[in-house]
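Observations on the model geometry
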Amino acid sequence: MVGVSDHTERRYAQGLDDADVLAGFRDRVVIADPEQIYLDGNSLGRLPATTATRLQAAVTGDWGRGLVGSWQGWVEQATRVGDLIGTELLGAAAGEVAVSDSTSVNLYKLAAAALGAHPDRRVIVTDDDNFPTDRYVLAGLAEQRGCELRVVHSDIDGGLDSDDLSAAIDDDVALVTLSHVAYRSGARIDLAACGELAHAHGALVLWDLSHSAGSVSVELSATGADLAVGCTYKYLCAGPGAPAFLYVRSDLQAALRQPIWGWFGQSAQFEMGAGYDPHPSIRRFGVGTPSVLATYAVEEGARLIAEAGVDRLAAKGAALTTLAIELADEWLAPLGLRVVTPRDPGRRGAHITLQHPAAWQICQALVHDGVVADYRTPQRLRLGPAPLYTRFVDVYDAIVRLRELVASGRHARYDAEPTRVT
Ligand SMILES: *Cc1c(COP(=O)(O)O)cnc(C)c1O
């Protein structure tokens, strides 16, 4: 397949691109500056080429001309796009996923619903390296309900150890909630194995798929998942602030009550009834009027990911990060930049993380040199080569530039104090 066997030669990366079945998808997203290497698709995915025209049509046609009559279609949008995400990207059945609110709000709704399903159980289990909003939402919920938040220690690079998780779960646990792929190191946990640990004690599991949806394979039905949430603006390319998704396994839906009783969760919404009577389906997890325009962008991004195919994206993500790790070991480790992401591709997502005491300064200098990466405290530089549109030569060129930069010491001229957004 590949003509050159030495991965330190650029022709090796070029050979991988020539053999890449997804290579054509690069033309399906907007590349405004072809000189720039964008390795931050895990924070904000690129703009799909069709999204601007779809939004334009939605604004002038559906809104401008159709006015309120367009609600006949819009009212189904959250579940229609949810079905696309669920069936094509998450291994779920139709009727199990809806687009709504933000990931933070969806996490709150589903975690509260899980507590309500087990009134005799008072414990939520999570880990101390979970994404900040997840930890804050859960801490707030636990305080409001007088529950215990049991926080398992997780290695910030290697991820959660299953023995530590197992030791934290007993018959008082109502809910175990974790991120599938760790936002900082990219460490990935085993959905099926962790789910079994929770289920063995009768607890529900709630996954945060923000860093895995659209980049690694997620099999919610096959792994017995109960609940899940995730972002659409990372690998799903739906744009800043686009609404998130939530998943509730179909047989749990009727029994779960979410805490925000809004009219978009009501069974006969337009009867405007006196009392709240939640719809029996996934619709009961809706709250207020959804973000219709932004959901058109979610649909465009999800369609593109579905067309590329999650399995092919996952395979390419593993290959891109493998190349990055091989080159980093060869060229960056001698300069003090150490790969901290798990080396087994089955145990990581689609980004890699490098540790260096001056990671923030290196990150600023790298962006200045035309390679967009990001910094995460403490001392970590993330490289996120989104498999939909990143080439192997992009990874190669980025690491060459990083080597040249750190060897020259130019990063020392940059401010050591992080800015508000990193
Ligand atoms: C990005 C991310 C979020 C973001 O949540 P918002 O409510 O969209 O701000 C939450 N959880 C994880 C794991 C993330 O990676």
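In what follows, the structure referred to is the one given above.
We now turn to the structure provided with this report. Since the structure is predicted, the reported quantities are computational estimates derived from the model, not experimental observations.

**Some thoughts on the site of the ligand**
- Among the 13 residues in the neighbourhood of the ligand, the closest are listed as Ser104, Asp208, His211, Tyr233 and Lys234.
- At 2.7 Å from an oxygen atom of the ligand is found a side-chain nitrogen or oxygen belonging to Tyr233.
- In isolation the ligand offers 390 Å² of accessible surface; the protein chains occlude 86% of this area.
- Elements represented by at least two residues in the shell around the ligand include exactly helix H4 (103-117) and helix H5 (132-145).
- In terms of residue class, the shell around the ligand is built from three nonpolar, seven polar and three charged.

**Some details on the sheet that holds strand S13 (residues 380-383)**
- The sheet built from four strands is open, its strands ordered S9-S10-S13-S12 with antiparallel pairing. Two strands in the sheet have a free side with no partner beyond their single neighbour: strand S9 (338-339) and strand S12 (374-376).
- Where strand S10 (residues 352-355) and S13 come together, four bridges link them in antiparallel fashion. Considered in S13, the bridge of Gln355 is made with Arg380.
- Sheet contacts for helix H10 (residues 310-332): S9 and S10; angle to S10, the most-contacted strand, approximately 15°.

**Digging into the state of the cysteines**
- A complete count under the given rule lists zero disulfides for this structure.
- No disulfide involves Cys237; its sulfur sits 13 Å from the nearest other cysteine sulfur, which is in Cys231.
- With no disulfide of its own, Cys363 lies closest to Cys231 among cysteine sulfurs, the gap being 20 Å.
- Cys363 gets classed as buried once you look at its relative accessible area, which sits at 4%.

**Here we look at the pattern of salt bridges**
- Applying the stated criterion to the full structure yields 23 salt bridges.
- Salt-bridge contacts for Asp374 lead to Arg376; the nearest nitrogen and oxygen are separated by 3.7 Å.
- Judged by its relative accessible area of 19%, Arg376 falls in the buried class.
- Of the charged contacts in the structure, one is a salt bridge between Glu404 and Arg410, with a shortest N-O distance of 3.0 Å.

The rules behind each value
- Residues numbered from 1 in each chain as written.
- Predicted model: local features only at pLDDT ≥ 70, side-chain atom pairs only at ≥ 80, totals over all residues.
- Heavy atoms only, no water.
- Near = heavy atom within 4 Å.
- Polar contact = N/O pair within 3.5 Å; in protein donor to acceptor, adjacent residues only side chain to side chain.
- Areas by Shrake-Rupley, 256 points an atom, 1.4 Å probe, with all protein chains shown as cover.
- Helix = DSSP H or I, 4+ residues; strand = E, 2+ residues; numbered from the N terminus.
- Nonpolar A, V, L, I, M, F, W, Y, C, P; charged D, E, K, R; others polar.
- Pairing = 2+ DSSP bridges.
- Contact = heavy atoms within 4.5 Å.
- Axes fitted to C-alpha atoms, helices over the stretch in contact; angles between N-to-C directions.
- Disulfide = S-S within 2.5 Å.
- Buried < 20%, exposed > 50% of the residue type's maximum accessible area, 1.4 Å probe, protein only.
- Salt bridge = Lys/Arg side-chain N within 4 Å of Asp/Glu carboxyl O.

It is worth stressing that arrangement in space is one thing and function is another; only the former is reported here.
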